[in-house]
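Fold and contact review
One letter stands for each residue in the lines below.
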Amino acid sequence: MTAAVQEALELGKVESHLHPEGSFDVEAHEVPKGREEIWRFTPLKRLKGIHDSAPFADGATKVEVEAATGVTVETVAADDAVRGTSGLVPTDRVSARAWAASTGATVVRIPTDTVIEGATVIRHHGTGSQTAGAGHAVIVAEKFAKATVVLVFEGSAIVADNIEIVVEDGADLTVVSVQDWADDAVHLSTQHAKVGRDANLKHVSVSFGGDVVRHDFTAEYAGPGGSVEALGLYFADAGQHIEHRLFVDHTAPKTKSNVVYKGALQGEKAHAVWIGNVLIRKEAEGIETYEENRNLILTDGAWADSVPNLEIETGEIEGAGHASAIGRFDDEQLFYLQSRGISETEAKRLVVHGFFNDLIRQIGVPELEEKLTSTVEAELAKNINTLITKDNA
Amino acid sequence: MSTLEIKDLRVSVETEDGAKEILKGVTLTINSGETHAIMGPNGSGKSTLAYSIAGHPKYTITGGTVTLDGEDVLEMSVDERAKAGLFLAMQYPVEVPGVSVANFLRTAKTALTGEAPKLRTWVKDVNGAMDKMHLDPTFSQRSVNEGFSGGEKKRHEIAQLDILDPAFALLDEIDSGLDIDALKVVSEGINDFRAREGKSVLLITHYTRILRYIKPDHVHVFVAGRIAESGGPDLAEELEANGYERFTSAAV
Ligand SMILES: Nc1ncnc2c1ncn2[C@@H]1O[C@H](COP(=O)(O)OP(=O)(O)OP(=O)(O)O)[C@@H](O)[C@H]1O
Ligand SMILES: [Mg+2]
């Protein structure tokens, strides 16, 4: 029995569907057909078979590491004991298959008591290979360490991966995952964090490119006082499917979670899915949680699904709330800006810029801020002209 | 020079039970350099008049004309109207989250003049305008109207009037929600604007108290979607003394 399962048992059995039994055994996970709760939004036909039995091989991406001084980045064998230390147990077939198929793991370690300046960046360049790659990474911030780790995905590839995040007691870690893929990429990522006593994790998911990008981020707490901030920013273009599934499992008292995901959608069949699950267990007294998802639909033909879900098993909480919105441009905002002489195109650009701006600032990674702002601008530039002509038609 | 001519303007809004006529034939000419006050009870259509002139999409023009120096205003898009010289200070200024006042003002000024303002004088001008309205310079870094108090929103509108320098200012209840000190500050700002060459003002208000600080050339009483009576500043004094009753009872 793994440590994680033992721990779960100690916490007492949870009946919630939010807590499916995980398994490392691929065959314990049936091939999804599309009607399953966890797959019902995902276009299985476009997954190039990775949810079924398509083979994995190395070489889907080339990895480039820029480690900040004081951070060690190494590759270990697949049987290294570091794998699984976050408590990740695959709860779906893709994650289980990636776990079984990965031939090694990238381990990023921030030593105890060290505060790291600058970000450690791990770039994955898709090679265009038609064979899927299975990735595995473990990011460990040891006790009282502080650092920022950025994962960047670009180019063309089919990738399934498991990213484990271990934030030890008192540590303060920021992990940013940027999906800036080419139009044809498929990326299914399972990212799981274990947050220690009085530790802070800021997890950021940024998705721009890719044909299908599905990110599952889950977090659990290894002690009281831990805090998770999960931020997300996405921009879905014509034909793109971008899906984020979050699950914060409040397994310890006095823990906090704050989830804010914002996305813009434009073009025919641009689709975004956001599932925000929060479970507050019996033993999680005095916790605070808030989750929010906002979608801005820029053109006809794009649509978003947004499902917040809060399950509370204790009455002793500090605060719990959620908000979810799918909206179009606000006429009042556009009118106000235009009444100052600003053209409709420019007004829309400003509103979208503003929509993301607060979030970009909250990410708090200076190296990234400018790049994100300019990528948002570039995405808008792609479509804003058609957007205006459509509006006037 | 600019003359705004409103002739027999009729405006309706879409409601659940179909179109509802709000403006029932408004005729008004405002010449260059003049200040007109429009006074009327709640719901009489004052904001509708202001929004219709500015081009808010919610309102449907069903009849009449609006021209600025002979140019058809109703044919213009909202930003074209601003470029033609119109400015609307709103009764309820809109929040634009994530867009800083500085960015907003610079974008607007650039759009209006066709070129980016010179950096050195620009910062000075913006800070000066903020200062005149007793707004802290840090306001420039805040999101447009977000978290502003009612009074701050109004002072921010007048700071914009100062900076954007239109020919024609429509001020919709600029005095509502202001305490007496803020009212004085805002009135001073409006009077500074009026002191500039050829500026026209349409001052929409419910109360007479702002008219103690801003002396209009003409006063119009607005009731049930049309002008019930026009006169000089003495008409405002009558309203101050007797209220709208004489006009509202006549309109029914
Ligand atoms: N969407 C709408 N549906 C129905 N009635 C509307 C709608 N919009 C405006 N009205 C009505 O139009 C009338 C005029 O509104 P307007 O805001 O122009 O009045 P106002 O004179 O500015 O009032 P106030 O002094 O309260 O600012 C009101 O009776 C209002 O209820
Ligand atoms: Mg009004």
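Residues numbered from 1 in each chain as written. Chains lettered and ligands numbered in written order. Predicted model: local features only at pLDDT ≥ 70, side-chain atom pairs only at ≥ 80, totals over all residues. Heavy atoms only, no water.

The name that an unreviewed UniProt entry assigns to chain B is Fe-S cluster assembly ATP-binding protein, with the source organism given as Nocardioides albus.

As annotated in an unreviewed UniProt entry, chain A is Fe-S cluster assembly protein SufD from Nocardioides albus. Check the Sequence similarities (unreviewed entry) section of the UniProt entry for chain A; it says "Belongs to the iron-sulfur cluster assembly SufBD family." (UniProt positions renumbered as here; feature names shortened; annotations may be inferred.)

Moving on, we come to the overall build of chain B. Along chain B, the regular secondary structure elements total 8 helices and 12 strands. Against the compact-globule benchmark of 18 Å for 252 residues, chain B has a radius of gyration of 18 Å, which places it among compact chains. If you line up chain B on its principal axes, its C-alpha atoms span 55 × 40 × 40 Å. The buried share of chain B, reckoned over its 252 residues, is 54%. The contacts in chain B between residues at least 6 apart in sequence include a share of 70% that link residues at least 24 apart. Element-wise, carbon and sulfur atoms account for 48% of the exposed surface of chain B, whose accessible area totals about 11,100 Å². Here chain B contributes 27 positively and 38 negatively charged side chains, and the mean placements of these two sets differ by 3 Å. (Helix = DSSP H or I, 4+ residues; strand = E, 2+ residues; numbered from the N terminus. Rg over C-alpha atoms; globule rule 2.2 N^0.38 Å. Buried < 20%, exposed > 50% of the residue type's maximum accessible area, 1.4 Å probe, protein only. Contact = heavy atoms within 4.5 Å. Areas by Shrake-Rupley, 256 points an atom, 1.4 Å probe, with all protein chains shown as cover. Lys, Arg positive; Asp, Glu negative; His and termini not counted. Charge placed at Lys NZ, Arg CZ, Asp CG, Glu CD.)

Take the overall build of chain A next. Helices and strands together make up the secondary structure of chain A, namely 5 helices and 18 strands. What you see for chain A is a C-alpha radius of gyration of 20 Å, in line with the 21 Å of a compact globule of 393 residues. Projecting the C-alpha coordinates of chain A onto the three principal axes gives extents of approximately 65 × 50 × 45 Å. Residues classed as buried in chain A amount to 57% of the 393 residues present. Counting every atom, chain A has about 15,200 Å² of accessible surface; 49% of that belongs to carbon and sulfur.

This next bit is on the packing of helix α3 (residues 101–113) of chain B against helix α4 (residues 119–132) of chain B. Helix-helix packing is described using two parameters, namely the angle between the two axes and the distance between the axes. Residues and elements named next belong to chain B. Across the interface, α3 lies against α4 with an axial gap of 12 Å and an inter-helix angle of 115 degrees. Between α3 and α4 lies a crossing of right-handed hand. When α3 is examined against α4, the residues V101, L105, R106 and K109 are found in contact with a partner set consisting of W122, V126 and M130. Partitioned by chemical class, the residues of the contact of α3 with α4 number 5 nonpolar, no polar and 2 charged. (Axes fitted to C-alpha atoms, helices over the stretch in contact; angles between N-to-C directions. Left-handed = near helix turned anticlockwise from the far one by under 90°. Nonpolar A, V, L, I, M, F, W, Y, C, P; charged D, E, K, R; others polar.)

Right, let's get into the coordination of the magnesium ion (ligand 2). All names here are of chain B. Looking at the magnesium ion (ligand 2), the protein donor atoms are S47 (OG) and Q91 (OE1), and they sit 2.0 to 2.2 Å from it. Of this pair, S47 sits in helix α1 (residues 46–54) while Q91 sits in the loop between β6 (86–89) and β7 (96–100), and the two are 44 residues apart along the sequence. With relative accessibility at 17%, the residue S47 sits in the buried group. (Donors = N, O, S within 2.8 Å, 3.2 Å for Na, K, Ca; no water.)

Pairing between sheet strands relies on hydrogen bonds along the backbone, with the strands arranged either parallel or antiparallel. All names here are of chain A. Pairing within the open sheet is mixed, and its 9 strands lie in the order β1-β4-β6-β8-β10-β12-β14-β16-β18. For this open sheet the edge positions go to β1 (61–66) and β18 (319–327), each flanked by a neighbour on one side alone. Taking the axes of each pair of neighbouring strands and ignoring which way they run, one obtains an average angle of 10 degrees across the sheet. Of the pairings in the sheet, the one linking strand β4 (residues 115–127) to strand β6 (residues 146–156) comprises 10 bridges and is parallel in character. Counterpart to V121 in the pairing with β6 is V150. In the packing of helix α4 (residues 344–363) onto the sheet, the strands contacted are β10 (200–207), β12 (227–236), β14 (256–265) and β16 (288–297), and the crossing angle to β12 comes to about 145 degrees. (Pairing = 2+ DSSP bridges.)

The phi torsion at A:D113 lies on the positive side, around 65 degrees, for a residue other than glycine. With respect to the helices and strands, A:D113 occurs in the loop between β3 (104–110) and β4.

On to the sheet that holds strand β9 (residues 168–172) of chain B, then. Residues and elements named next belong to chain B. Spatial strand order, β6-β9-β10-β3-β11-β12: 6 strands in an open sheet with mixed pairing. Each edge of the sheet is formed by a strand with only one pairing partner; in this case those strands are β6 and β12 (226–231). Strand after strand, the sheet turns through a mean of 20 degrees between neighbouring axes, direction not considered. As paired elements, β9 and strand β10 (residues 200–205) share 5 bridges and run parallel to each other. Pairing of L170 across the sheet is with L202, part of β10.

Residue and element names in this part refer to chain A. Along the polypeptide, E36 turns up in the loop between α1 (3–10) and β1. Relative accessible area serves as the criterion here: at 28%, E36 is assigned to the partly exposed category. Of the polar contacts made by the side chain of E36, one reaches the backbone nitrogen of K33; its length is 2.7 Å. (Polar contact = N/O pair within 3.5 Å; in protein donor to acceptor, adjacent residues only side chain to side chain.)

We now examine the site of ligand 1. All names here are of chain B. Inspection of the region around ligand 1 gives 16 residues, with I22, G43, K46, S47 and T48 positioned closest. Note that an oxygen atom of ligand 1 is positioned 2.5 Å from one of the side-chain N or O atoms of T48. Within the side chain of K58, a nitrogen or oxygen atom sits 3.4 Å from a nitrogen atom of ligand 1. Protein chains shield 68% of the accessible area of ligand 1, which is 640 Å² for the free molecule. (Near = heavy atom within 4 Å.)

Right, let's talk about the nonpolar core for a bit. Of all hydrophobic cores here, the largest spans 115 residues; its most connected members are A:F235, A:V352, A:F356, B:L171 and B:I174. In terms of residues, this core owes the most to one element, α4(A), which gives 9 residues. One finds A:F153, A:A236, A:L265 and A:I287 within the second-largest nonpolar core, a separate group that totals 53 residues. (Core = buried A, V, L, I, M, F, W, Y, C linked by side-chain atoms within 4.5 Å.)

Turning our eyes to something else, we now look at the pattern of salt bridges. All names here are of chain B. With the rule as written, the count across this model stands at 29 salt bridges over all chains. Put simply, R10 and E21 hold a salt bridge, and the shortest N to O gap is 3.8 Å. Of this pair, R10 sits in strand β1 (residues 4–15) while E21 sits in strand β2 (residues 18–30), placing them 11 residues apart in sequence. Under the relative-accessibility criterion, E21 is labelled partly exposed at 37%. Of the charged contacts, one joins D79 and K83 as a salt bridge, the two residues approaching to 3.2 Å between their closest N and O atoms. Placement of the pair is D79 and K83 together in helix α2 (residues 78–83), with a separation of 4 residues, close to one helical turn. On the basis of relative accessible area, K83 is assigned to the partly exposed category, the value being 41%. (Salt bridge = Lys/Arg side-chain N within 4 Å of Asp/Glu carboxyl O.)

A cluster of acidic side chains, namely B:D69, B:E71, B:D72 and B:E75, defines a negative patch on the protein surface. Note that B:E75 resides in the loop between β5 (71–72) and α2. (Patch = residues over 30% accessible without salt bridge, like charges linked within 9 Å, V, L, I, M, F, W, Y side chains within 5 Å.)

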